[in-house]
Amino acid sequence: MLLHLIADYGLGDLAFAEVRQRLGMLLPDAAVVVTSVGPFDTLGAGFCIGQLALNDGPQDMVLYANIAPRQDQEDPRRDNAGERLVAARLPSGAWVVAPNAGYTFSFLRDEAEELREVEVPESGSQFRSRDLFPDVVARLARGDVGPLGPPLPNGAVPAFPERVVAYTDGYGNLKTTWTELPAPPGTRVGIAVGDQRGFAVVSDGAFEVPVGETSFAPGSSGWRRRSGGVVAFLELFRRGSSAAALFGHPPAGTPVEVVG
């Protein structure tokens with residue numbers, strides 16, 4: 001079994017080790033792969049979930065994510081209560097289990113076979129992703145659907161924002177939620193990422209620019225939709241350098257605009 005663990009604990013943080021240890025006890029044969037996103041970054045997490053869940057993978061696969069800023073209510077939280085845990089079942093048979101926080105499920109809301117609440121205590125531990133949630137993940141991974149509750153109501157998962165930074169990879173490429181070229185290939189355009197400005201060449205492929213130039217092109221992220229169409233997300237790629245550095249290391253959710 002392949003088990004993806006996606007969380008905002010911080011790369012190399014003790015929390016990753018503790019959760020992996022718990023999962024190792026419950027699913028000793030699972031290969032656990034860790035992906036880290038920024039603190040409270042539900043958009044980046046949702047983007048990673050979409051990329052991993054909606055592309056080819058082994059039939060025996062589960063994605064477990066925990067990015068829970070506990071911002072669904074502004075009042076003080078009793079007993080460390082947080083967002084409700086939700087499970088998404090995909091056409092491939094894979095499961096995605098995560099708190100329904102922000103944009104975590106936004107890239108799946110039109111692609112999943114079902115989105116269901118999970119019967120698990122929503123309070124009782126400050127570290128729910130270690131103490132409470134792994135038991136549910138393990139049960140679903142073994143085919144036990146007993147923890148599943150009612151379907152999520154309409155409107156429970158927001159649409160992901162369009163034309164923003166979604167994720168920054170290790171090379172400094174800015175993966176965005178743009179899905180269409182803003183101008184014909186070969187056009188050099190002004191780009192504003194938040195309050196930072198620069199230039200990029202619109203192209204069909206990221207490497208179709210010389211070293212030192214920035215391209216705005218379909219990158220390596222995207223998937224086949226349940227409807228049969230294909231979505232490809234554009235990214236800002238600075239050949240031989242870092243687009244993230246050029247545009248001031250923008251966080252996920254920062255608007256990306258083509259300007260004059």
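These figures come from a predicted structure and were not determined experimentally.

About the criteria used
Residues numbered from 1 in each chain as written. Predicted model: local features only at pLDDT ≥ 70, side-chain atom pairs only at ≥ 80, totals over all residues. Heavy atoms only, no water. Helix = DSSP H or I, 4+ residues; strand = E, 2+ residues; numbered from the N terminus. Rg over C-alpha atoms; globule rule 2.2 N^0.38 Å. Contact = heavy atoms within 4.5 Å. Areas by Shrake-Rupley, 256 points an atom, 1.4 Å probe, with all protein chains shown as cover. Lys, Arg positive; Asp, Glu negative; His and termini not counted. Charge placed at Lys NZ, Arg CZ, Asp CG, Glu CD. Buried < 20%, exposed > 50% of the residue type's maximum accessible area, 1.4 Å probe, protein only. Polar contact = N/O pair within 3.5 Å; in protein donor to acceptor, adjacent residues only side chain to side chain. Salt bridge = Lys/Arg side-chain N within 4 Å of Asp/Glu carboxyl O. Core = buried A, V, L, I, M, F, W, Y, C linked by side-chain atoms within 4.5 Å. Expected span 1.5 Å × (residues − 1). Domains from an automatic or database assignment. Buried area = accessible area lost by both parts, 1.4 Å probe. Nonpolar A, V, L, I, M, F, W, Y, C, P; charged D, E, K, R; others polar.

A few words on the overall build of the protein. Scanning the protein from N- to C-terminus turns up 5 helices and 14 strands. By the compact-globule yardstick of 18 Å for 260 residues, the protein fits well, its C-alpha radius of gyration being 19 Å. Projected onto its principal axes, the C-alpha coordinates of the protein cover approximately 55 × 40 × 35 Å. The contacts in the protein between residues at least 6 apart in sequence include a share of 65% that link residues at least 24 apart. Element-wise, carbon and sulfur atoms account for 48% of the exposed surface of the protein, whose accessible area totals about 12,200 Å². For the protein, the distance from the average site of its 22 positive side-chain charges to the average site of its 31 negative ones is 1 Å.

Now for the environment of Tyr 9. Tracing the backbone through its elements, the reader meets Tyr 9 in the loop between strand S1 (2-7) and helix H1 (14-26). On the accessibility criterion, Tyr 9 (15% relative accessible area) is buried. The spatial distance from the C-alpha of Tyr 9 to the C-alpha of Phe 40 is 9.2 Å, given a sequence separation of 31 residues. In contact with Tyr 9, not counting residues within four places along its chain, are Ala 15, Phe 16, Val 19, Asn 66, Phe 127 and Ser 129. Side chain to side chain, Tyr 9 and Ser 129 meet in a polar contact 2.6 Å long.

Let us now look at the side chain of Glu 111. Tracing the backbone shows Glu 111 in the loop between strand S5 (95-99) and strand S6 (114-118). Salt bridges are absent for the buried Glu 111, whose nearest opposite-charge side chain, Arg 225, sits at 4.2 Å. Here the side chain of Glu 111 touches Arg 226 through a polar contact of 2.7 Å, landing on its backbone nitrogen. The residues contacting Glu 111, other than those within four sequence positions of it, are Leu 54, Pro 91, Arg 225 and Arg 226.

Here we take up the nonpolar core. Here is a general trend for soluble globular proteins: nonpolar side chains tend to be buried in one another's company. Ranked by internal contacts, the top residues of the largest apolar core, which has 32 residues, are Ile 49, Leu 90, Val 96, Phe 105, Leu 108 and Leu 115. Elements with a minimum of two residues in this core: S1, helix H2 (42-53), strand S3 (61-66), strand S4 (85-89), S5 and strand S13 (230-238). Broken down by element, the residue count for this core peaks at 6 residues, all from H2. Setting aside anything within four residues of it in sequence, one finds Leu 108 in contact with Ile 49, Gly 50, Ala 53, Leu 54, Ala 88, Leu 90 and Val 96.

Once that is clear, we can look at H2. Three or four residues apart is the spacing at which side chains of an α-helix point the same way, because the helix has 3.6 residues per turn. Its 12 residues place the ends of H2 16 Å apart at the C-alpha level, agreeing with the 16 Å of an ideal helix rising 1.5 Å per residue. Counting buried positions over the 12 residues of H2 gives 10, a clear majority of the element. Every buried residue of H2 is listed here: Thr 42, Leu 43, Gly 44, Ala 45, Gly 46, Phe 47, Cys 48, Ile 49, Gly 50 and Ala 53. Where H2 begins, one side-chain oxygen reaches toward the backbone nitrogen of Leu 43, 3.4 Å away; that side chain belongs to Asp 41.

The next subject is the domain arrangement of the protein. Structurally, the protein comprises domain 1 (2-151) and domain 2 (164-258). Inter-centroid distance (C-alpha atoms) of domain 1 to domain 2 is 28 Å. Of the roughly 1,200 Å² buried where domain 1 meets domain 2, counting both sides, 62% is carbon and sulfur surface. Of all residues in domain 1, Leu 43, Phe 47 and Glu 111 bury the most surface against domain 2, accounting for 42% of the area lost on that side. Across the contact surface, domain 1 and domain 2 share 1 salt bridge. Here Arg 226 ties to Glu 113 by a salt bridge, and the two come within 3.2 Å at their closest N and O atoms. Run the count over domain 1 and domain 2 and you get 6 residue pairs in polar contact (both at pLDDT 80 or more). When grouped by side-chain class, the residues that make up the side of domain 1 that touches domain 2 number 8 nonpolar, 4 polar and 4 charged.

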